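# Geometric and topological summary
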Amino acid sequence: MTRTLIRGGLVVTAADETHADVLIEDGRVAALAAHGSACAEGWSAERTIDATGKYVIPGGVDGHTHMDFPFGGTFSSDTFETGTRAAAWGGTTTIVDFAVQTKGQALREGLDLWHAKSDAQCAIDYGFHMILSDVNEHTLKEMDLLVAEGITSFKLFMAYPGVFYSDDGQILRAMQRAAANGGLIMMHAENGIAIDVLVEQALAAGRTDPRYHGEVRKALLEAEATHRAIQLARVAGAPLYVVHVSAEEALAELTAARDLGLNVFGETCPQYLFLSTDNLAEPDFEGAKYVCSTPLRPREHQSALWRGLRTNDLQVVSTDHCPFCFSGQKELGRGDFSKIPNGMPGVEHRMDLLHQAVVDGHISRRRWIEIACATPARMFGLYPRKGTIAPGADADIVIYDPHAEQVLSVETHHMNVDYSAYEGKRITGRVETVLSRGEPVIESREFTGRAGHGQYLPRGTCQYLI
Ligand code: DUC
Ligand code: ZN
Ligand code: ZN
């Protein structure tokens, strides 16, 4: 039996802050005890980690990543190997990535491909959602099989006609199926049909720069799609999780639905909390680094999103990590913003940026852990194995130094992408050591993990329903 003792830290979970030592046995949390009582309890361990003056927090659960994801004729630049290693550096110990159904193929084919991409590659544990690009009689039946084997959530797109897009009839059918089989529908809520009209008009008028990506993907079209998704989910009697919420008007739709007591949930991402259309407007095509969908919004939206996180109208912060190199990938859209691959890097920085939000007074320490660890674990059927520090939970634990100072930069990050969206940003707080099922994957800021340590996680159904 291998035992590790973490001594002297402040254990922060979504529920509690306790000055406690943590005993780990065979990859799981065995017990917590008040500082100093470990001897009295007769605890002995082969390895002791001194966490004095540090936080001891659950490993982050990032419920929205895209490793090696096909988009716009290219693939996101992190593989499962590089992306999960970067996640570990940033204190994230679980990701849920999106397997993709290609139009005309079965869900099973997409899922098999995602297993092939990730098998023996990951530094941390991982599960899958499934993107439905083609809702039909066959794929609806396959949804039941997937739920039974642990792929319990399905992403639908109201955007990208001709690629990932589902029409309202397909959405309703998929929601009805999810209502029956316990699956969770995750929605990319933007009116893609209307957006495509505005794209065509912008390009015809010579408006080709990256900032027009933000202008055509209007907040009202995010809000309209969010409203429509909510009503369709009500008709189907299905829960709904809206991904990457960026617009205040869309959040208002979620708030109204939640005020009715509906099982409607929302996720936002650090880029919407810390970046804005000012970045999209950076000159010399630099704005392309910030092209993602939903798009960055004017700065004024940020305070609404922070409020939503405080009031629990938004429950989760994921990254939507979908990196494309500036050189050779983002550049595909020089002269035509609609050809810039949509997505931004971020899997390494979520825990730090949200700690900065604690320092800045936007959220409390426990709320930090709730939105980044505990609720995503509950939302996606992984709790209490993931997302908390409690007897029986996997020992996915981060020793976090709340006083260390760091500056985010492409020079020091570990993601496989040639720029940082947060270049030069100062952060108070830094990951020091990361355990994944009790094994150190980052030890005193050295990577000690390995590709293949990470295990595939079949998931249960959503544990967050009202
Ligand atoms: N939506 C996502 O969630 N990720 C990448 C691209 C997109 O539109
Ligand atoms: Zn999306
Ligand atoms: Zn995404």
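Above this note sits the structure.
Keep in mind the model is a prediction, meaning the values are calculated, not measured.

How each quantity is defined
- Residues numbered from 1 in each chain as written.
- Chains lettered and ligands numbered in written order.
- Predicted model: local features only at pLDDT ≥ 70, side-chain atom pairs only at ≥ 80, totals over all residues.
- Heavy atoms only, no water.
- Core = buried A, V, L, I, M, F, W, Y, C linked by side-chain atoms within 4.5 Å.
- Buried < 20%, exposed > 50% of the residue type's maximum accessible area, 1.4 Å probe, protein only.
- Near = heavy atom within 4 Å.
- Polar contact = N/O pair within 3.5 Å; in protein donor to acceptor, adjacent residues only side chain to side chain.
- Areas by Shrake-Rupley, 256 points an atom, 1.4 Å probe, with all protein chains shown as cover.
- Axes fitted to C-alpha atoms, helices over the stretch in contact; angles between N-to-C directions.
- Helix = DSSP H or I, 4+ residues; strand = E, 2+ residues; numbered from the N terminus.
- Parallel < 35°, antiparallel > 145°, perpendicular 65-115°, else oblique.
- Left-handed = near helix turned anticlockwise from the far one by under 90°.
- Contact = heavy atoms within 4.5 Å.
- Nonpolar A, V, L, I, M, F, W, Y, C, P; charged D, E, K, R; others polar.
- Pairing = 2+ DSSP bridges.
- 1 Å grid on protein atoms, 1.4 Å probe; cavity = no way out; pocket = protein on both sides within 12 Å on 5 of 7 lines; lining within 4 Å.
- Points joined across faces, edges and corners; volume = space filled by probe spheres on them.
- Donors = N, O, S within 2.8 Å, 3.2 Å for Na, K, Ca; no water.

### What about the nonpolar core?
Counting 129 residues, the largest nonpolar core has Met175, Ile185, Met187, Leu240 and Trp368 as the members making the most contacts within it. In terms of nonpolar packing, the next biggest core, distinct from the first, is built from 14 residues, Ile6, Ala20, Ile49 and Ala51 among them.

### Section: the site of ligand 1
Taken together, His64, His66, Lys155, Tyr160, His188, His244, Ser293, Asp320, Cys322 and Asn342 make up the full set of residues adjacent to ligand 1. The separation between an oxygen atom of ligand 1 and a polar side-chain atom of histidine 244 is 3.1 Å. Take serine 293: an N or O atom from its main chain is 3.5 Å from an oxygen atom of ligand 1. Relative to its unbound accessible area of 240 Å², ligand 1 is 99% covered by the protein chains.

### Quick look at the packing of helix 13 (residues 350-359) against helix 14 (residues 365-379)
Relative to each other, helix 13 and helix 14 sit at 150°, their axes nearing to 9 Å. As the angle between them shows, helix 13 and helix 14 are arranged roughly antiparallel. Of the two elements, helix 13 crosses helix 14, and the hand of that crossing is right-handed. Taking contact as the criterion, the partners of Arg350, Met351, Leu354, His355 and Val358 in helix 13 are, on helix 14, Arg365, Trp368, Ile371, Ala372 and Cys373. Its residues assigned to classes, the contact of helix 13 with helix 14 shows seven nonpolar, one polar and two charged.

### Quick look at helix 12 (residues 301-311)
The set of residues buried in helix 12 consists of His301, Gln302, Ala304, Leu305, Trp306, Gly308 and Leu309. Asparagine 312, located one to two residues past helix 12, shows a positive phi value of around 65°.

### A few points about the pairing of strand 6 (residues 55-58)
Note: strand 2 (residues 10-12) against strand 6, two bridges, orientation parallel. If you follow valine 11 over to strand 6, its bridge partner there is valine 56. Alignment of strand 6 against strand 17 (residues 397-407), held across four bridges, turns out to be antiparallel. Bridge assignment links isoleucine 57 to a residue of strand 17, and that residue is valine 398.

### Here we look at the layout of surface pockets
Considered as a void within the structure, the largest pocket measures approximately 580 Å³ in volume. In this structure, the largest pocket is lined by 30 residues; those nearest its centre are Phe71, Gly72, Tyr160, Val163 and Phe164. Taken together, the elements giving at least two residues each to the lining of the largest pocket come down to strand 8 (70-71), helix 3 (107-118), helix 6 (192-204) and helix 7 (211-216). Per-element tally for the lining of the largest pocket: the top contributor is helix 6, with four residues. The residue inventory of the lining of the largest pocket, partitioned by class, reads 17 nonpolar, eight polar and five charged.

### Section: the coordination of the zinc ion (ligand 3)
Surrounding the zinc ion (ligand 3) are the protein donor atoms His64 (NE2), His66 (NE2) and Asp320 (OD), which sit 1.9 to 2.1 Å from the metal. When the donors of the zinc ion (ligand 3) are listed by position in the chain, the intervening gaps give H-x1-H-x253-D. A distance of 4.3 Å spans the gap from the zinc ion (ligand 3) to the zinc ion (ligand 2). Placement of the pair is histidine 64 in strand 7 (residues 60-65) and aspartate 320 in the loop between strand 16 (316-317) and helix 13, with a sequence separation of 256 residues. No difference in accessibility class separates histidine 64 from aspartate 320, as the two residues are buried.

### What to know about unusual backbone geometry
Of the consecutive residues serine 293 and threonine 294, the connecting peptide bond is found in the cis state with omega at 0°. Along the chain, the position of threonine 294 falls in the loop between helix 11 (277-280) and helix 12. The residue aspartate 68 is not glycine, and still its phi comes out positive at about 50°. Checked against the element boundaries, aspartate 68 lands in the loop between strand 7 and strand 8. Classification of aspartate 68 by relative accessible area gives partly exposed; the value is 21%. Within the chain, phenylalanine 285 stands out as a residue other than glycine whose phi angle is a positive 70°. Here phenylalanine 285 lies in the loop between helix 11 and helix 12.

Read these as layout, nothing more, since geometry by itself doesn't imply function.
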